[in-house]
Amino acid sequence: MLKINRENLKTSHQLIWFIIDFLMLGLLILNLTLIIFDSIYSFEAIEQFLAQQVPAFNDLYKPVHANFLFYDLIFVAIFLTEFFVRWGYAIKAKIYDRWYFYPFIHWYDLVGCIPVGSFRFLRVLRIISIIYRLHQYRIIDVTQWRLYQFCAFYYEAFLEELSDRIVIKVLSGVQSEITLGSPLFERIQNDILVPRKAMLTEWLSDRVSRAASEGYMPKRGELRVYLENRVDHALKQNLELSRLRLLPMVGPTIQETLEDAVGDIVANVIHQILEDLASSANHAFIEDIVEVVLPQPGDHEAPEVRNEALISLINEIIEAIKTQVQVKHWRSDLKQPNAEMAAAKES
């Protein structure tokens, strides 16, 4: 579990502190193990069980349990000695601006030295600080530990779940305010969208032009045939036009000529509109639409007039953001290693 970077160990100028850190780490683990065992041993049932099953060990440990405070003070003395040595080194090396800063910054090394009750278990903070320091020195890499990866994964999952709920709550509140007529809508319209009207016009013009050229031009012939057929069908259903066929001699000819002319006019009009949209000439048309949707702040409207289209657009954008926020990335991260393991087994 504990992997040491040998290259960083060789090049480190703090080799002596590295050795002290590992010695203190070992003593802390030993001390905490004894504290936990002594706490368990203090139960009468456990003591009787050990007396019956392993009497030799029980006779050996009973004096230690009776004088456990004395043995714990030995560890405390070692921990305090190391603390004052580091404090003295910090003063000599001028690590901090004031000599008395060290105990306040490293308070967690002191609280664990209190040999009373649950304060003893706070020595785990000292273990964490040593491991963090060794990680900073790049002597060890805690990110490769399975325990660290396990805790980091569920910590990130917890934060993602919490932040997603907060963001969705906030966005839902924004939607409600916009729908009810909050000043937020006016700020979005007047301070964000209106100053960028030219950019929006340019973007919409380019998108409409691309959609018309890519969607219409390749199917221009098919669209013309379709329009002519629909116009021809509509004209045949027209009662007034069908009466032209009753005229003697020229009636059928006039009816067919009108049908062809109307079909050709409609197809040409549609074709011209789509060609205009597919060219840069659509800019003025798009600009007029944007001007209607986003009037200037000085253009006064009646109080009851609201830009429902813009409100709907903003709400849909927020809804899309909420949908994206609801995506659980930590679940996909959880499935990915399982998929890789399954693929490795199959191979």
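All values reported here derive from a predicted model rather than from experimental measurement. (Residues numbered from 1 in each chain as written. Predicted model: local features only at pLDDT ≥ 70, side-chain atom pairs only at ≥ 80, totals over all residues. Heavy atoms only, no water.)

Asks: Now, about helix 9 (residues 146–180): what can you tell me, with residues and values included?
Replies: The end-to-end C-alpha separation of helix 9 is 51 Å, in line with the 51 Å expected for 35 residues at 1.5 Å each. Here helix 9 has its buried residues at A157, E160, E161, D164, I168, L171, Q175 and I178. (Helix = DSSP H or I, 4+ residues; strand = E, 2+ residues; numbered from the N terminus. Expected span 1.5 Å × (residues − 1). Buried < 20%, exposed > 50% of the residue type's maximum accessible area, 1.4 Å probe, protein only.)

Asks: Report on a nonpolar patch on the surface, specifying residues and quantitative values.
Replies: A surface patch of nonpolar side chains, about 580 Å² in accessible area, is lined by Y155, F158, L159, L162, I166 and V170. Relative to the helices and strands, L162 resides in helix 9. (Patch = residues over 30% accessible without salt bridge, like charges linked within 9 Å, V, L, I, M, F, W, Y side chains within 5 Å. Areas by Shrake-Rupley, 256 points an atom, 1.4 Å probe, with all protein chains shown as cover. Salt bridge = Lys/Arg side-chain N within 4 Å of Asp/Glu carboxyl O.)

Asks: Please provide a residue-by-residue account of the nonpolar core, values included.
Replies: Ranked by size, the top nonpolar core spans 22 residues in total, and within it F79, I127, I130, I131 and I140 carry the most contacts. Where this core is concerned, the elements lending two or more residues are helix 2 (15–41), helix 5 (68–93) and helix 8 (123–136). Broken down by element, this core gets its largest block of residues, seven residues, from helix 2. Each residue touching I131, except ones within four places of it in the same chain, is listed here: L25, I140, V142 and W145. Within the second largest apolar cluster, eight residues are counted, among which are L171, L310, I314 and I318. (Core = buried A, V, L, I, M, F, W, Y, C linked by side-chain atoms within 4.5 Å. Contact = heavy atoms within 4.5 Å.)

Asks: Explain helix 8 residue by residue, including any values.
Replies: Here helix 8 spans 20 Å end to end across 14 residues, near enough to the 20 Å set by a 1.5 Å rise per residue. Residues of helix 8 that are buried: R123, R126, I127, S129, I130, I131, R133 and L134. Next to the buried residues of helix 8 lie helix 2, helix 5 and helix 7 (107–111). Two residues or fewer past helix 8, R138 is found with a positive phi of approximately 65°.

Asks: Summarise the packing of aromatic side chains; cite the residues concerned and give the values.
Replies: In this structure the tally under the stated criterion is 19 aromatic pairs. Residues F37 and F57 carry aromatic rings whose centres are separated by 5.8 Å and whose planes lie at 70° to one another, so their mutual orientation is edge-to-face. Remark: F57 occurs in helix 4 (residues 55–66) and F37 occurs in helix 2; sequence separation between them is 20 residues. For F37, a relative accessible area of 29% gives the class partly exposed. Seen from their ring centres, W87 and W99 are 6.1 Å apart, and the 15° between their planes marks the pair as stacked. Here the residue W87 occupies a position in helix 5, and W99 occupies one in the loop between helix 5 and helix 6 (101–105), the gap between them amounting to twelve residues. Judged by its relative accessible area of 16%, W87 falls in the buried class. (Phe/Tyr/Trp six-rings, centres within 6.5 Å; stacked < 30°, edge-to-face > 60°.)

Asks: So what's going on with the side chain of N315? Which residues, and what values?
Replies: Mapped onto the secondary structure, N315 falls in helix 16 (residues 308–325). On the accessibility criterion, N315 (16% relative accessible area) is buried.

Asks: Can you break down the packing of helix 2 against helix 5 residue by residue, with the values?
Replies: Where helix 2 contacts helix 5, the two axes come as close as 11 Å, and the packing angle between them is 155°. Classed by the angle they form, the pair helix 2 and helix 5 counts as roughly antiparallel. For the pair helix 2 and helix 5, the sense of crossing is left-handed. Contacts between helix 2 and helix 5 pair W17, I20, D21, M24, L27, L28, L30, N31, L34, I35 and D38 from the former with F68, D72, F75, I78, F79, E82, V85, R86 and Y89 from the latter. (Axes fitted to C-alpha atoms, helices over the stretch in contact; angles between N-to-C directions. Parallel < 35°, antiparallel > 145°, perpendicular 65-115°, else oblique. Left-handed = near helix turned anticlockwise from the far one by under 90°.)

Asks: Mind laying out empty space enclosed by the protein, listing which residues take part and the relevant values?
Replies: The final tally for this structure, using the stated rule, is one cavity of 30 Å³ or more. One number sums up the size of the largest cavity: a volume of about 40 Å³. Forming the boundary of the largest cavity are E82, R86, Y102, H106, D109, R126, I130 and R133. Elements with a contribution of two residues or more to the lining of the largest cavity: helix 5 and helix 8. By residue class, the composition of the lining of the largest cavity is two nonpolar, one polar and five charged. (1 Å grid on protein atoms, 1.4 Å probe; cavity = no way out; pocket = protein on both sides within 12 Å on 5 of 7 lines; lining within 4 Å. Points joined across faces, edges and corners; volume = space filled by probe spheres on them. Nonpolar A, V, L, I, M, F, W, Y, C, P; charged D, E, K, R; others polar.)

Asks: Describe the pattern of salt bridges, naming the residues involved and giving the relevant values.
Replies: In total, this model carries eight salt bridges according to the counting rule given. For the salt bridge of K62 with E47, the shortest nitrogen-to-oxygen distance reads 3.8 Å. Of the two residues, K62 is situated in helix 4 and E47 in helix 3 (residues 44–53); the sequence distance between them amounts to 15 residues. Measuring nitrogen to oxygen at the nearest pair gives 2.3 Å for the salt bridge that ties R86 to E82. Within this pair, R86 and its partner E82 are both found in helix 5, separated by four residues, close to a single helical turn. Here R86 and E82 have matching classes, each one buried.

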